[in-house]
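These are the residues of each chain, in order.
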Amino acid sequence: MSDDLINLNVAPSEPKPGDVIAGKYQLIELIGRGGFGLVYAATNISINQRVALKLLLPEWAHQDPELSIRFRREAVLASQLRHPNTITLYDYGGADDGVLYMAMEFVDGQTLSTLLRDDAPIAPERVVHILSQILASLDEAHRRGIVHRDLKPGNIMLTEHRNQ
């Protein structure tokens, strides 16, 4: 019998920049880490489109099978939203290696948490402008029976190129 120890709690190996997911999305850089997913800036190779690619690694899904169900539910719900202040979901699927993915609109900007950290205090007019857009997006979701369960400044992107 071997004296080697096996650690079942080893972190899954994460994809790295340059990797291709599902034969169509090339990873550029890791831009976020959520409760049960990784988000990369990526390129849809076939149309040279930059996307945000959210991944659920198979190791995580095996540890908690409910994660795959929640990930798919998130994709289905997100695909129903059309508000100009809501991220657009382009694609959802699974790769041969078991990685689940969502390809979403890439928003080039800063998070609300960065704005609050770097530019506080913020003028009341700007606060109202930002909050009105957030609330308009949430209103559409709520009218469809969708509740955003991870609404926080770090998940809100601000940009000058969207609905002003």
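Here the structure is a predicted model, which means the values were calculated and not measured. (Residues numbered from 1 in each chain as written. Predicted model: local features only at pLDDT ≥ 70, side-chain atom pairs only at ≥ 80, totals over all residues. Heavy atoms only, no water.)

Thoughts on the overall build of the protein chain
Applicable threshold: Each helix is a run of H or I in the DSSP string that is no shorter than four residues. Each strand is a run of E no shorter than two, and both are numbered from the N terminus. Residue exposure (1.4 Å probe, protein chains only): buried if accessible area is under 20% of the type maximum, exposed if over 50%, otherwise partly exposed. Whether two residues are in contact is decided by their heavy atoms, any of which lying within 4.5 Å being enough. For the accessible areas, the method is Shrake-Rupley and the probe is 1.4 Å, while residue cover comes only from the protein chains on display.
The helix and strand tally for the protein chain stands at four helices and eight strands. For the protein chain, the N- to C-terminal ordering of α and β elements is β-β-β-β-α-α-β-β-β-α-α-β. Of all 164 residues assigned to the protein chain, the portion counted as buried reaches 35%. In the protein chain, 50% of the contacts between residues at least 6 apart in sequence involve partners at least 24 apart. Taken as a whole, the protein chain presents about 10500 Å² of accessible surface, with 53% of it coming from carbon and sulfur.

Quick word on the pattern of salt bridges
Which entries qualify depends on this criterion: Salt bridge, as used here: a side-chain nitrogen of Lys or Arg that lies within 4 Å of a carboxyl oxygen of Asp or Glu.
If you walk through the whole model with that rule in mind, you get nine salt bridges. For arginine 73, the salt bridge goes to glutamate 66, with nearest N and O atoms at 3.7 Å. The partner of aspartate 118 in a salt bridge is arginine 117, and the shortest N-O contact between them spans 2.8 Å. We classify arginine 117 as exposed; its relative accessible area is 61%.

Concerning helix α2 (residues 66–78)
We count it as follows: The span you would expect from a helix comes to 1.5 Å times its residue count less one. Directions from the helix axis toward the C-beta atoms define the arc.
Under the 1.5 Å per step criterion, the end-to-end length of α2 is 18 Å for 13 residues, consistent within 8% with the ideal 18 Å. Along α2, the residues that are buried comprise Leu67, Phe71 and Ala75. The buried residues of α2 occupy an angular sector of 75 degrees when projected down its axis, which confines them to one face. Contacts made by the buried residues of α2 are with β4 (49–56), α1 (58–63), β5 (89–94) and β6 (100–105).

Brief notes about the sheet that holds strand β1 (residues 20–21)
Threshold: Strand pairing is assigned whenever DSSP identifies at least 2 bridges connecting the two strands.
Taken in spatial order, the six strands line up as β1-β2-β3-β4-β6-β5 in an open sheet, and their pairing is antiparallel. Edge positions in the open sheet fall to β1 and β5, since each of these has one partner strand only. Bridge count between strand β2 (residues 25–33) and strand β3 (residues 38–44): seven bridges; the pairing is antiparallel. Bridge assignment links glutamine 26 to a residue of β3, and that residue is threonine 43.

Considering a nonpolar patch on the surface
Under the convention used in this document: Patch membership requires more than 30% relative accessible area and the absence of a salt bridge. Residues of like charge join within 9 Å; the nonpolar side chains Val, Leu, Ile, Met, Phe, Trp and Tyr join within 5 Å.
Judged by side-chain polarity, Val127, Leu131 and Leu135 come together as a nonpolar surface patch covering roughly 250 Å² of accessible area. For leucine 131, a relative accessible area of 41% translates into the label partly exposed.

Quick look at the confidence of the model for the protein chain
Rule in force here: The predictor attaches a confidence to each residue, and that confidence, scored 0 to 100, is pLDDT.
Across the protein chain, the average pLDDT comes to 89, with 90% of residues at 70 or higher. Across residues 1–10, confidence stays below pLDDT 50; counting only partners more than four residues off in sequence or on other chains, it has zero contacts.

Some words on unusual backbone geometry
Put simply, alanine 120 and proline 121 share a cis peptide bond, and its omega is 0 degrees. If you trace the backbone, proline 121 turns up in the loop between α3 (112–119) and α4 (124–143). Here asparagine 48, not a glycine, exhibits a phi torsion of approximately 50 degrees, which is positive. Mapped onto the elements, asparagine 48 comes out in the loop between β3 and β4.

Details of the side chain of serine 137
With respect to the helices and strands, serine 137 occurs in helix α4. Leaving out residues up to four positions away in the same chain, serine 137 has contacts with His83, Asn85 and Thr86.

Describing the pairing of β2
Sheet analysis places β1 next to β2, joined by two bridges and oriented antiparallel. Bridged to isoleucine 21 within β2 is tyrosine 25. The loop that links β1 with its antiparallel partner β2 comprises three residues; one of these, alanine 22, has a positive phi angle of about 55 degrees.

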